[in-house]
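So you can see what is in the structure, the chains are spelled out below.
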Amino acid sequence: MEELQGDKELYQEYLCAAVEIAKKAGEEIRATFQSKKTVEMKSSPADLVTETDQKVEQLIISFLRSKFPDHCFIGEETTAAGVHCELTDNPTWIIDPVDGTTNFVHSFQFVAVSIGLSVSKENVVGVVYNPILDELFTAIKGQGAYCNGKPISCSKQQDISQCLALVEIGSSRVSAHLQTKLQNISSILQQGVHGVRSLGSAALNICQVARGGGDVYVEHGIHCWDMAAGDIILREAGGVTIDPKGGPLDLMSRCLIAASSPQLALSVSACLTHIDYQRD
Ligand code: LIP
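Residues numbered from 1 in each chain as written. Predicted model: local features only at pLDDT ≥ 70, side-chain atom pairs only at ≥ 80, totals over all residues. Heavy atoms only, no water.

Caption draft 1: Focus on the overall build of the protein chain. A count of helices and strands for the protein chain gives eight helices and 14 strands. Taking 280 residues into account, the globule formula puts the C-alpha radius of gyration at 19 Å, and the protein chain, at 18 Å, falls close to it. Expressed along its principal axes, the backbone C-alpha trace of the protein chain runs to roughly 50 × 50 × 35 Å. In the protein chain, which comprises 280 residues, the proportion classed as buried is 53%. Sequence-distant contacts in the protein chain: of pairs separated by 6 or more residues, those separated by 24 or more amount to 66%. Of the roughly 12300 Å² of accessible surface on the protein chain, a fraction of 50% belongs to carbon and sulfur atoms. The centroid of the 22 positive side-chain charges in the protein chain is displaced by 4 Å from the centroid of its 34 negative side-chain charges. (Helix = DSSP H or I, 4+ residues; strand = E, 2+ residues; numbered from the N terminus. Rg over C-alpha atoms; globule rule 2.2 N^0.38 Å. Buried < 20%, exposed > 50% of the residue type's maximum accessible area, 1.4 Å probe, protein only. Contact = heavy atoms within 4.5 Å. Areas by Shrake-Rupley, 256 points an atom, 1.4 Å probe, with all protein chains shown as cover. Lys, Arg positive; Asp, Glu negative; His and termini not counted. Charge placed at Lys NZ, Arg CZ, Asp CG, Glu CD.)

What follows is the structure, encoded as structure tokens:
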């Protein structure tokens, strides 16, 4: 019991640090949001990076490293720069400095700083901050999920024919991937869903399900830094995250279904053709 209380206080301290630096990162993103960005391409013409992504990631990692020198780090841009991405049992901060980089490049307001903390390979703290809309989603394992300090919960929808689904095309332009993704969107539509939407940010799609604004989100081709923080926020809001093949979520497998109920997650899983990406 004493140990649990200790964990609770420790996780609070981690959350406070992540919120503090997410807000600072948000100031950087806001400052350049409307200006013309210097953009570089990564794995495809639709996989972009800006100076802000790199600067913000450095800012976040150096702040958290100074506070928690024993912790490990996985960051989108550090990984893109060639640093090996490995998730161990050590406390590991998993960071996407600008989730929704394409949105950021186009000044489309769905961008987020995403900071998750994994301990023994379980996400235990999550912060997703949209600095343009000033919406801060937070969660600690066992302590509920919040948006701007107010508790949030998912819709609990179980029936696929009554749901709003979030889907993404992603950044791969490999023809076979595109075909399968379009086919998957078509199969979801054929289940009679009320509609499909795309925010262009995995973290914000997951938080949308967490707050009950959408019922289910599916994507293949994303990375651990797109999902880590959102995963704990959604589970604390009463939702579920699974592997699109139907098993437990595997953070390094590059895909997920985030849903308001296990029944809905499995209904979506059943109508998908799966795509295997190289693991993180
Ligand atoms: C983005 C994801 C989004 C996906 C994009 C991209 P980034 O992350 O959040 O769901 O569709 O292709 O991967 O690269 O903006 O951090």
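Caption draft 2: Molecular detail of the site of the ligand. Close contacts around the ligand come from 16 residues, with Asp96, Asp99, Thr101, Ala202 and Glu219 the closest. Contact between the ligand and Thr101: an oxygen atom at 2.7 Å from a main-chain N or O atom of the residue. Interatomic distance of 2.7 Å between a side-chain N/O atom of Glu219 and an oxygen atom of the ligand. Alone, the ligand offers 370 Å² of accessible surface; in the complex the protein occludes 90% of this. Looking at the shell around the ligand, the elements with two or more residues in it are strand S4 (92–99) and strand S12 (216–220). If you tally residues by element for the shell around the ligand, the top one is S4, at three residues. (Near = heavy atom within 4 Å. Polar contact = N/O pair within 3.5 Å; in protein donor to acceptor, adjacent residues only side chain to side chain.)

Caption draft 3: Quick peek at the environment of Gln190. Within the fold, Gln190 resides in helix H5 (residues 175–190). Note on Gln190: relative accessible area 63%, which makes it exposed.

Caption draft 4: Molecular detail of the domain arrangement of the protein chain. Splitting the protein chain by domain gives domain 1 (2–151) and domain 2 (160–270). Averaged C-alpha coordinates put domain 1 and domain 2 at centres separated by 20 Å. At the interface, 41 residues of domain 1 touch 24 residues of domain 2. Approximately 2400 Å² of surface area, both sides summed, lies buried where domain 1 meets domain 2, with 67% of it carried by carbon and sulfur atoms. In terms of surface lost to domain 2, no three residues of domain 1 exceed Asp99, Asn123 and Phe137, which account for 24% of the buried area on that side. Seen at the junction of domain 1 and domain 2, the total is one salt bridge. (Domains from an automatic or database assignment. Buried area = accessible area lost by both parts, 1.4 Å probe. Salt bridge = Lys/Arg side-chain N within 4 Å of Asp/Glu carboxyl O.)

Caption draft 5: Geometry of the packing of aromatic side chains. A full pass over the atoms with the stated rule returns six aromatic pairs. With a centroid separation of 5.8 Å and 20° between ring planes, the pair formed by Phe68 and Trp93 is classed as stacked. In this pair, Phe68 sits in the loop between helix H2 (51–67) and strand S3 (72–75) while Trp93 sits in strand S4, placing the two residues 25 residues apart along the sequence. On the basis of relative accessible area, Phe68 is assigned to the buried category, the value being 6%. Grouped by ring-pair contacts, the aromatic residues Tyr11, Tyr14, Phe68 and Trp93 constitute a single cluster. The lysine or arginine in question, Lys37, covers the ring of Phe104, its NZ or CZ lying 4.7 Å from the ring centre. (Phe/Tyr/Trp six-rings, centres within 6.5 Å; stacked < 30°, edge-to-face > 60°. Lys NZ or Arg CZ within 6 Å of the ring centre and 35° of its normal.)

Caption draft 6: Examining the nonpolar core more closely. Val128, Tyr217 and Ile233 are the most contacted members of the largest nonpolar core, which totals 36 residues. Counting residues per element, the ones that place at least two in this core are strand S7 (135–140), strand S8 (145–147), helix H6 (202–210), helix H7 (224–236) and strand S14 (255–259). The element that contributes the greatest number of residues to this core is H7, accounting for eight residues. For this core, the domains that each give at least three residues are domain 1 (2–151) and domain 2 (160–270). (Core = buried A, V, L, I, M, F, W, Y, C linked by side-chain atoms within 4.5 Å.)

Caption draft 7: Region of interest: the pattern of salt bridges. By the definition in use, this model includes 10 salt bridges. With a shortest N-O distance of 3.1 Å, Lys55 and Glu28 are connected by a salt bridge. Here Glu28 lies in helix H1 (residues 2–32) and Lys55 lies in helix H2, a separation of 27 residues in the sequence. In this structure Glu28 comes out as partly exposed when scored by relative accessible area, which is 26%. What emerges from the salt-bridge pattern is a single network uniting Lys42, Glu76 and Glu77.

Caption draft 8: Summary view of the packing of H6 against H7. Here H6 crosses H7 at 5°, and the two axes come no closer than 8 Å. Regarding the angle of H6 to H7, the classification is roughly parallel. Residues Ala202, Ala203, Ile206, Cys207, Val209 and Ala210 of H6 pack against Asp226, Met227, Gly230, Asp231, Ile233 and Leu234 of H7. Taken together, the residues that form the contact of H6 with H7 break down as nine nonpolar, one polar and two charged. (Axes fitted to C-alpha atoms, helices over the stretch in contact; angles between N-to-C directions. Parallel < 35°, antiparallel > 145°, perpendicular 65-115°, else oblique. Nonpolar A, V, L, I, M, F, W, Y, C, P; charged D, E, K, R; others polar.)

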